[in-house]
Amino acid sequence: MEQLVIKGGNKLKGEVRICGAKNSAVALIPATILFDGDSTISNLPQISDTKLLASILSEMGAKVDFKDDKMRINTDNIAHGTENELKAGKIRASYYLAGALLGKYKEAVIPLPGGCNLGTRPIDLHIKGFEKLGAQVEISHGMLKLKAKKLVGTKIYLDVVSVGATINIMLAAVMAEGTTTIENAAKEPHIVDVANMLNEAGANISGQGTDIITIHGVKSLHGVKHKTIPDQIETGTYMIAAAATGGDVKIKNICLEHMASVIEKLRDANVQVDVLDEETVRVTRKKPLLGISVKTLPHPGFPTDLQSPMGALLTVASGTSMITESIWENRFKYTDELNKMGSEITVTDRTAQIKGVTKITGARVKAPDLRGGVALVIAGLMAQGTTIVSGVEHVNRGYEDIEGKLKSLGADIRLEEVDE
Ligand code: EPZ
C-alpha cells in the first residue's frame, strides 16, 4: 500500500505543466472502438485509469501501444460479445465501452461500472438512450448486455444533465441510421473534445458544448490523430494548491476558457490570478483568504470535481464559507478527515459549512475518493507538521505524478510503500 507523507508549510513556487484531461481520455480511448484502422491520441495523462483502459482494450484484442503521452491504437479485431468479462468494472468510465461497442457492433457485454463511491451512481439515462436508439438492454449477474438489430436515430431528452449519458449516447448514435438529438445535453469540455474527435474520424455531430447535440449518423469512421484537451480539474487543483500554501505558481498548458468559474471563485477568496496567455495563469496569494460560498453546477458552473480541493482551501479562510454540492449526494466524506486536522466543518445534507480556523495541523488521514484524496494532500501542504495520506490509489487514478510535480514546486512530500 502506498501513502503520501507531507511536511506542511512550504509555499509552492515555480512552474507546473498540466496533462491532458482524464475525463476526456477515459472516453476518447474507448471511442476508438468505433474507428477502422490506426489512431493516435496524444496529450494523454499517464494515470492508472488510462493505463487500465489500455490493458482492458488489449485484453479485448486491440493493438495498443501507450508510451509517454501517446497511445497508438487499432481496435479492428476487438471482441464484442460475451467474452468481455474484464477488468472494466474497476473504473466508472468502462461504461463508454458499452456505447462504443453498441455503436460499432450492435452488441456489447460489459461488467457494470465501478469508480469513486459518491453515493448512488445510476446509469438509467444511458440505458434509456440505448433503448430509444433501438437496443435491448439486460442487466444480470453484474453484467450489462446490449443488443440491437439496428440502431435508428431519435430524440432523447435527458431529465438530469449527465456527462456520461451524453457521451455514451453520442457513441451509440454516431453510426445509427438517421438523426439523433440529445436535449438537455451536458456541456463539459470533454463532451466537446469527444464530439470533435468523432468528427475528425468522419462523424457528423453539431451543437457540442450547447444544450442540444445533433448527430447525423454516418456509415463508417476512420482512424484519427487527436490531441486531448488540457485537464480542467488538474489545472484547478494546482491553482488551489498554490493559493493554499500562499505560493506563486505559473500553471502552463491549460485551457483558459474552461477555468472561468474557478478563477472567479479564487479571486472572490482574495487569491491573485493573473492570466498570462490563453494557456498560462499565475496564481499568487499574499493577502489572507476570505470565506466564500460555492455551489457546484454542471459546466460552465463551478465543477463538482474541484469541490473538495476548494473545501480544503477554505478551512483557513476568514469567516464562514458555505459549499453546496448539487451533483453528487455523497461527496463530503473528506470533511471528516479534514476535521481530524483541526478544521471546523459541519455537513448538513448537501451543504458544508466551514468555519475558518487560523491553522490546521498534520494528522493521519485516508483518501475517501479521488478528489477527496487530493483535498487531503492540499490540506497536508498547508498544515503545521506532518500529514500522512493513505488510500493514494484513489489519487493515482486521476493525477499524473502528483508527488513529482509537487516536489518540483518545493513541497516536502514523499511517496512511501508500507505494509497493509
Ligand atoms: C462524470 O461522471 C465525471 N467522470 C465525474 O468526475 C464528474 O464528477 C461528473 O461527470 C460530473 O461532472 C467522468 O467523466 C469519467 P454524470 P458521470 O452522469 O458521467 C445523475 C472525477 O472525480 N445521473 O454527469 O458519471 C448522477 O447520479 C469524476 O473525475 C443519473 O441520475 O456523471 C449525478 O447526480 C467523479 N442517471 C448526475 O446525474 C444517469 O444515468 C451527474 O452525473 C447518470 C447520471
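Here goes a summary of the coordinates provided. Being a predicted model, the structure only gives us computed values, none of them experimental. (Residues numbered from 1 in each chain as written. Predicted model: local features only at pLDDT ≥ 70, side-chain atom pairs only at ≥ 80, totals over all residues. Heavy atoms only, no water.)

1. Description of the nonpolar core
Next up, step 1: Core analysis: the biggest nonpolar cluster contains 69 residues, and Leu34, Leu57, Met170, Leu171, Leu198, Ile205 and Leu221 have the highest contact counts within it.
Next up, step 2: Excluding anything up to four places from it in sequence, methionine 170 contacts Ile182, Ile191, Val194, Ala195, Ile205, Ile213 and Ile215.
Next up, step 3: In terms of nonpolar packing, the next biggest core, distinct from the first, is built from 68 residues, Ile18, Ile263, Val271 and Ala379 among them. (Core = buried A, V, L, I, M, F, W, Y, C linked by side-chain atoms within 4.5 Å. Buried < 20%, exposed > 50% of the residue type's maximum accessible area, 1.4 Å probe, protein only. Contact = heavy atoms within 4.5 Å.)

2. Focus: unusual backbone geometry
Next up, step 1: Of the consecutive residues histidine 299 and proline 300, the connecting peptide bond is found in the cis state with omega at 10°.
Next up, step 2: Positionally, proline 300 belongs in the loop between strand 19 (293-295) and helix 9 (307-314).
Next up, step 3: Backbone geometry at asparagine 43 places phi at a positive 55°, although glycine is not the residue there.
Next up, step 4: Mapped onto the fold, asparagine 43 is located in the loop between strand 4 (38-42) and helix 2 (48-59).
Next up, step 5: Classification of asparagine 43 as buried rests on a relative accessible area of 5%.
Next up, step 6: Non-glycine residue asparagine 270 carries a positive phi angle of around 85°.
Next up, step 7: Relative to the helices and strands, asparagine 270 resides in the loop between helix 8 (260-268) and strand 17 (272-277). (Helix = DSSP H or I, 4+ residues; strand = E, 2+ residues; numbered from the N terminus.)

3. Digging into helix 7 (residues 232-244)
Next up, step 1: Its 13 residues place the ends of helix 7 18 Å apart at the C-alpha level, agreeing with the 18 Å of an ideal helix rising 1.5 Å per residue.
Next up, step 2: Within helix 7, 13 of the 13 residues are buried, which leaves the element mostly enclosed by the surrounding structure.
Next up, step 3: The N-terminus of helix 7 is capped by aspartate 231, whose side-chain oxygen sits 2.8 Å from the backbone nitrogen of isoleucine 233. (Expected span 1.5 Å × (residues − 1). Polar contact = N/O pair within 3.5 Å; in protein donor to acceptor, adjacent residues only side chain to side chain.)

4. Things to note about the packing of helix 3 (residues 95-105) against helix 5 (residues 163-173)
Next up, step 1: Relative orientation of the contacting elements helix 3 and helix 5 amounts to 20°, with a least axis distance of 7 Å. Compared by their axis directions, helix 3 and helix 5 come out roughly parallel. Here the hand of the crossing between helix 3 and helix 5 comes out right-handed. In this structure, helix 3 uses Tyr95, Tyr96, Ala98, Gly99, Ala100, Leu102 and Gly103 to contact helix 5, whose residues at the interface are Val163, Gly164, Ile167, Asn168, Leu171 and Ala172.
Next up, step 2: Taken together, the residues of the contact of helix 3 with helix 5 break down into nine nonpolar, four polar and no charged. (Axes fitted to C-alpha atoms, helices over the stretch in contact; angles between N-to-C directions. Parallel < 35°, antiparallel > 145°, perpendicular 65-115°, else oblique. Left-handed = near helix turned anticlockwise from the far one by under 90°. Nonpolar A, V, L, I, M, F, W, Y, C, P; charged D, E, K, R; others polar.)

5. Section: the site of the ligand
Next up, step 1: Near the ligand, the surroundings consist of 26 residues, among which Ser162, Val163, Asp305, Ile327 and Arg371 are the closest.
Next up, step 2: The contact in question runs from an oxygen atom of the ligand to an N or O atom on the backbone of proline 122, over 3.3 Å.
Next up, step 3: Measuring from an oxygen atom of the ligand, one finds a backbone N or O atom of leucine 125 at 2.8 Å.
Next up, step 4: Its free accessible area being 830 Å², the ligand has 91% of it covered by the protein chains.
Next up, step 5: Tallied by class, residues from the shell around the ligand come to twelve nonpolar, seven polar and seven charged. (Near = heavy atom within 4 Å. Areas by Shrake-Rupley, 256 points an atom, 1.4 Å probe, with all protein chains shown as cover.)

6. A look at the sheet that holds strand 6 (residues 70-74)
Next up, step 1: Sheet architecture is open: four strands sit in the order 5-6-4-15, paired in mixed fashion. Unpaired on one side and paired on the other, strand 5 (63-67) and strand 15 (225-227) mark the two borders of the sheet. Sheet twist, expressed as the average angle between the axes of neighbouring strands with direction ignored, equals 15°.
Next up, step 2: Sheet topology places strand 5 next to strand 6; five bridges connect them, and they run antiparallel. Within strand 6, the residue paired with phenylalanine 66 across the bridge is methionine 71.
Next up, step 3: Lying over the sheet, helix 2 contacts strand 5 and strand 6, oriented at roughly 160° with respect to strand 5. (Pairing = 2+ DSSP bridges.)

7. So, the pairing of strand 16 (residues 248-252)
Next up, step 1: Of the two faces of strand 16, only one is covered, namely that formed by Val249 and Ile251; the face formed by Asp248, Lys250 and Lys252 stays uncovered.
Next up, step 2: With five bridges joining them, strand 2 (residues 13-17) and strand 16 adopt parallel strand pairing. Counted as the bridge partner of glycine 14 is valine 249 from strand 16.
Next up, step 3: Examined bridge by bridge, strand 16 and strand 18 (residues 280-284) share five bridges and lie antiparallel to one another. Paired with lysine 250 across the two strands is arginine 282, which belongs to strand 18.

8. With respect to the environment of isoleucine 360
Next up, step 1: Among the secondary structure elements, isoleucine 360 is positioned in the loop between strand 22 (351-355) and strand 23 (364-366).
Next up, step 2: For the pair isoleucine 360 and threonine 320, spaced 40 residues apart in the sequence, the C-alpha separation amounts to 16 Å.
Next up, step 3: Sequence-distant contacts of isoleucine 360, defined by excluding residues within four places in its chain, comprise Thr315, Val316, Met341, Gly342, Ser343, Ala379, Met382, Ala383 and Gln384.

The analysis is restricted to geometry; functional conclusions fall outside its scope.
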